Amino acid sequence: MTTRRFIVLLAAALVVIAGAMYLSSKRHLDRDPRGDLLLAGLQTQLDLITDIRLHKGGAAPVLSLHRNEPGHWVIAERDNYPADLVKVRRLLLSLSDAAVVEEKTSNPSNYAVLGVEDPQSANAGGIEVTLVSPASSRSVIIGRIGGGGSYARRSGEAKSVVVAPAVSVDAGIRDWIDTRLLDVPVDQIQSVRMKLADGTAYSISRSLSAGTGAG
């Protein structure tokens, strides 16, 4: 093989390689993210989540939920008082179902408009939700409602997106407290006893009357 022929073949090979690299990068850049799940794989991992932490306006969590047994969540900031199981489940399902509708800004100076700025900033508009399982920890910032869903940004990523269905997150501890005092059907309660802080006691009993019939 002559030197000239070798150079021609080498140049042709370089052109082919460069073209392939260009097309590959172009496909990557032009990939349409619509329909991608906000937290891919979460749908199959819901039962593995042991802790949910919410951050807003500071480094410390404003709410820490812990699952101490299947189907039972407690609030760490309230001495492990029971949390509203329905509300916890609703949040996990909405996060697992949230899919990207469109991409939004990647410019940090515009995050505040969407409510997806750093959750530790004093005037944070959104809430960072961290889901913890034995194998991993994943965080996402849920911002304001808009664009047909919710604005969101995966923690550590620059790109913000609109996701649907919309995800609603409350940062107030009282919003997560299980307000049910008893889970007993009323017709099964026979008596109630109460004792006040000053020692005064009260009791209420239901009188059951026996039915009579003609002989």
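Just so it is clear, the model here is predicted, and its values are computed rather than measured. (Residues numbered from 1 in each chain as written. Predicted model: local features only at pLDDT ≥ 70, side-chain atom pairs only at ≥ 80, totals over all residues. Heavy atoms only, no water.)

Trainee: Hey, could you run me through the pairing of strand E3 (residues 72–75) in this one?
Mentor: Regular strands place side chains that alternate from one sheet face to the opposite one. With 4 bridges joining them, strand E2 (residues 63–69) and E3 adopt antiparallel strand pairing. By the bridge assignment, Glu69 is partnered in E3 with His72. Linkage of E2 to E3, two consecutive antiparallel strands, is achieved through a turn of 2 residues, within which Gly71 is found at a positive phi near 75 degrees. Counted along the chain from E3 to the antiparallel partner strand E4 (residues 81–82), the turn is 5 residues long, and its residue Asp79 has a positive phi close to 55 degrees. (Pairing = 2+ DSSP bridges. Helix = DSSP H or I, 4+ residues; strand = E, 2+ residues; numbered from the N terminus.)

Trainee: Just checking my understanding: could you explain the environment of Ser109 for this structure?
Mentor: The residue Ser109 is located in the loop between strand E5 (99–103) and helix H3 (111–114) in this model. For Ser109, a relative accessible area of 59% gives the class exposed. (Buried < 20%, exposed > 50% of the residue type's maximum accessible area, 1.4 Å probe, protein only.)

Trainee: Quick question: what am I supposed to make of the pattern of salt bridges here?
Mentor: Think of it this way: side chains of opposite charge can pair up when their charged atoms draw near. Considering all chains together, one arrives at 5 salt bridges under this definition. Between Asp170 and Lys87 there is a salt bridge, with its nearest N and O atoms 2.5 Å apart. Of this pair, Asp170 sits in the loop between strand E9 (161–164) and strand E10 (191–195) while Lys87 sits in helix H2 (residues 85–97), and the two are 83 residues apart along the sequence. Judged by its relative accessible area of 16%, Lys87 falls in the buried class. Note that Arg180 and Asp178 form a salt bridge whose closest N and O atoms lie 3.0 Å from each other. Residue classification places Asp178 among the buried residues on the basis of a relative accessible area of 11%. (Salt bridge = Lys/Arg side-chain N within 4 Å of Asp/Glu carboxyl O.)

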